[in-house]
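A look at the structure
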Amino acid sequence: MRTQVCIIGGGPSGLLLSQLLHKAGIDTVVLERRTRDYVLSRIRAGVLEWGSVELLRDAGIGPRMDAEGFPHTGTYLALQNRGFRVDFHKTTGKQVMVYGQTEVTSDLYKARDAMDGIVIHEAEGVTPRALDSTAPYVTYHKDGTERRVDCDFVIGCDGYHGVSRRSMPANVLKEYERVYPFGWLGILSETPPVDHELIYANHSRGFALCSMRNANLSRYYVQAPVDDPIEKWTDDAFWDELKRRIPEEAADRLVTGPSIEKSLAPLRSYVAEPMRWGRLLLCGDAAHIVPPTGAKGLNLAIGDVKYAADALVAHFRHGDDSGLEQYSQKALARVWGAIRFSWWFTTLMHRFPEQSDFDQRIQETELEQLEASVAAQTVMAENYVGLPY
Ligand code: APR
Ligand code: PHB
């Protein structure tokens, strides 16, 4: 098979890129290791920056997001039993959209189907080859036979554990990493959200977050040791812990119920540089991971995809390779912005194992300054609603 752009990975990055390129008249083939049902069963964060919202609209998947998503103009930050609101709209004139990543992925699959986009599932042993030539290709196995896709470019949208990044020579790749000494235990429950906005809580027992998917579907998290056995966290144990960590008036209003999903995820910051090598471009989790505090993961992926799509369209339409040449540098500038913000927000809100009384006072003082200073809130809000493209 021959195509112009072979995309490895059918998560949100790969699907969005294939959709944008197809709309611009560029052929793509997406190779995905898992089944569609598996991809759609993954539950991830749920906050879209406004730039992401606009790009998803451009990609043709605006209608359901606009009908069912919730624009949020601020968020609540709590410290022990009190707290304050950061108003995104007042400080930056912008807002965010609360709409689950699972819904974005499902909308993207429907849009790909409607355009007869080629997404090959259960592609095994996907291997990109000849990436430093002008005639790269990708081999894989499906139904017991080896197959080959010849192409002009390979785009690695295959997440942190994918094969694409590992296809770059070791002496080219530089990796940066911070692993945080705790995880997030998250549950989904068919209960009304405790508040109409998100609550991020710093508490001496550890961080907690109240989020949502819709009027009757809530998403809550508590910071927990990453090696805690999940069985230890019965629903009752989870609700008790959450109630202790959020302000009393919120705990009193909290409606609890059985969890319909429960998982414990580690937190890390990770960046791979460069994001292009020869005819290979990396997008999304294939090149970087952020801790979930601030929900930057999907938004960063969407930013990469925008730069990659613009660069590929300029190449195929106008023979202009400047976007491809600048891709890594442009994408990484934005990536490091979000890496810094999510590291800062994680460090400010969580309880670290070795945290001293001094460290604790510093966290409290920073939150007090954030409460008192419109300038400090503006910096936080600018990052939360999304740095410009
Ligand atoms: N061959 C083919 N497909 C692969 C391979 C492989 N060797 N390895 C991984 N994949 C697929 C995975 O099965 C997955 O469906 O690539 C896809 C990558 O999807 P994601 O991990 O969701 O990454 P991405 O599309 O970049 O989305 C970024 O997802 O992880 C969150 O926080 C992140 O919200 C952000 C978003
Ligand atoms: C979520 O709804 O899953 C969510 C929201 C905000 C975050 C992280 C996760 O910062």
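This is a predicted model, so every value here is computed, not measured.

Calculation notes
- Residues numbered from 1 in each chain as written.
- Chains lettered and ligands numbered in written order.
- Predicted model: local features only at pLDDT ≥ 70, side-chain atom pairs only at ≥ 80, totals over all residues.
- Heavy atoms only, no water.
- Near = heavy atom within 4 Å.
- Polar contact = N/O pair within 3.5 Å; in protein donor to acceptor, adjacent residues only side chain to side chain.
- Areas by Shrake-Rupley, 256 points an atom, 1.4 Å probe, with all protein chains shown as cover.
- Helix = DSSP H or I, 4+ residues; strand = E, 2+ residues; numbered from the N terminus.
- Nonpolar A, V, L, I, M, F, W, Y, C, P; charged D, E, K, R; others polar.
- Phe/Tyr/Trp six-rings, centres within 6.5 Å; stacked < 30°, edge-to-face > 60°.
- Lys NZ or Arg CZ within 6 Å of the ring centre and 35° of its normal.
- Pairing = 2+ DSSP bridges.
- Contact = heavy atoms within 4.5 Å.
- Domains from an automatic or database assignment.
- Buried < 20%, exposed > 50% of the residue type's maximum accessible area, 1.4 Å probe, protein only.
- Arc of directions from axis to C-beta.
- Buried area = accessible area lost by both parts, 1.4 Å probe.
- Salt bridge = Lys/Arg side-chain N within 4 Å of Asp/Glu carboxyl O.

What follows covers the site of ligand 1. Around ligand 1, the structure places 24 residues, and the nearest of them are Ser13, Glu32, Arg42, Gln101 and Asp285. Note that a nitrogen atom of ligand 1 is positioned 3.2 Å from one of the backbone N or O atoms of Arg33. At a separation of 2.9 Å, an oxygen atom of ligand 1 approaches a polar backbone atom of Leu298. Within the complex, the protein chains bury 90% of what would otherwise be the 710 Å² of accessible surface of ligand 1. Elements supplying a minimum of two residues to the shell around ligand 1: α1 (12-23) and α9 (297-318). For the shell around ligand 1, the element with the most residues is α9, which contributes three residues. Of the residues that constitute the shell around ligand 1, the class distribution is nine nonpolar, eight polar and seven charged.

Here we take up the packing of aromatic side chains. Going through the model one piece at a time under the given rule, you end up with 17 aromatic pairs. Every member of this aromatic cluster is reached through a ring pair, and the members are Phe88, Trp184, Tyr200, Phe207, Tyr221, Phe341, Trp344, Phe345 and Tyr384. Residue placement shows Lys174 over the ring face of Tyr176; its charged tip is 4.7 Å from the ring centre. If you follow Lys296 out to its NZ or CZ, it ends over the ring of Tyr384, 5.8 Å from the centre.

Let's shift gears to the sheet that holds strand β3 (residues 47-48). As summarised here, the arrangement of the three strands in space is β3-β7-β4, forming an open sheet in which the pairing is antiparallel. Whereas interior strands pair on both sides, the edge strands pair on one side only; in this sheet they are β3 and β4 (70-72). In this structure, β4 lies alongside strand β7 (residues 96-98), joined through three bridges in antiparallel fashion. Paired with Phe70 across the two strands is Val98, which belongs to β7.

Note on placement: Ser218 falls in strand β16 (residues 217-224). Sequence spacing of Ser218 and Gly74 is 144 residues, and the spatial spacing of their C-alpha atoms is 18 Å. Here Ser218 is in contact with Ile187, Leu188, Ser189, Thr191, Pro192, Pro193, Ser211 and Met212, once residues within four sequence places are set aside. Among the polar contacts made by the side chain of Ser218, one reaches the main-chain carbonyl oxygen of Thr191 at a distance of 2.7 Å.

The local shell around ligand 2 holds 15 residues, among which Tyr200, Ser211, Arg213, Tyr221 and Gly294 are the closest. One of the backbone N or O atoms of Pro292 is found 3.1 Å from an oxygen atom in ligand 2. For ligand 2, whose free accessible area comes to 280 Å², the fraction covered by protein is 100%. Taken together, the elements giving at least two residues each to the shell around ligand 2 come down to β15 (208-214) and β16. Counting residues per element, the shell around ligand 2 draws most heavily on β15, which supplies three residues. For the shell around ligand 2, the residue count by class is nine nonpolar, four polar and two charged. There are two domains that each give the shell around ligand 2 at least three residues, and those are domain 1 (5-70 + 97-177 + 268-345) and domain 2 (179-267 + 350-385).

Glancing now at unusual backbone geometry. Most peptide bonds adopt trans geometry, and most residues besides glycine take a negative phi value. Of the consecutive residues Glu273 and Pro274, the connecting peptide bond is found in the cis state with omega at -5°. Of note, Pro274 is situated in the loop between β17 (259-273) and β18 (276-277). Backbone geometry places Gln80, a non-glycine residue, at a positive phi of 50°. Following the sequence through the fold, Gln80 ends up in the loop between β5 (74-79) and β6 (82-87). Judged by relative accessible area, which is 31%, Gln80 ranks as partly exposed. One non-glycine residue with positive phi stands out, namely Ala130, at about 50°. Examined against the element boundaries, Ala130 turns out to sit in the loop between β9 (124-129) and β10 (137-142).

Turning to the side chain of Glu197, a few remarks are in order. Along the chain, Glu197 turns up in the loop between β13 (174-189) and β14 (199-202). For Glu197, a relative accessible area of 7% gives the class buried. Among the polar contacts listed, one links the side chain of Glu197 to the backbone nitrogen of Gly74, at a separation of 3.4 Å. Separated by 2.7 Å, the side chains of Glu197 and Arg85 make a polar contact.

Our focus in this paragraph is helix α7 (residues 235-245). Turning to α7, its buried residues are Phe238, Trp239, Glu241, Leu242 and Arg245. Buried residues along α7 cover an arc of 165° about the axis, so they all sit on one side. For α7, the elements touching its buried residues are β13, β14, β15 and β16.

Quick look at the domain arrangement of the protein now. On domain assignment, one finds that the protein holds domain 1 (5-70 + 97-177 + 268-345) and domain 2 (179-267 + 350-385). A separation of 29 Å is found between the C-alpha centroids of domain 1 and domain 2. In this assembly, 24 residues from domain 1 lie in contact with 22 residues from domain 2. Summing both sides of the interface, domain 1 and domain 2 together bury roughly 1,900 Å²; the carbon and sulfur share of this comes to 66%. On the domain 1 side of the contact with domain 2, Ile43, Arg268 and Trp344 bury the most area, a combined 26% of that side's loss. At the surface where domain 1 touches domain 2, the tally comes to zero salt bridges. There are five residue pairs in polar contact (both at pLDDT 80 or more) connecting domain 1 and domain 2. Contributing elements (two or more residues each) for the side of domain 1 that touches domain 2: β17 and α10 (322-349). A per-element tally of the side of domain 1 that touches domain 2 places α10 first, with six residues.

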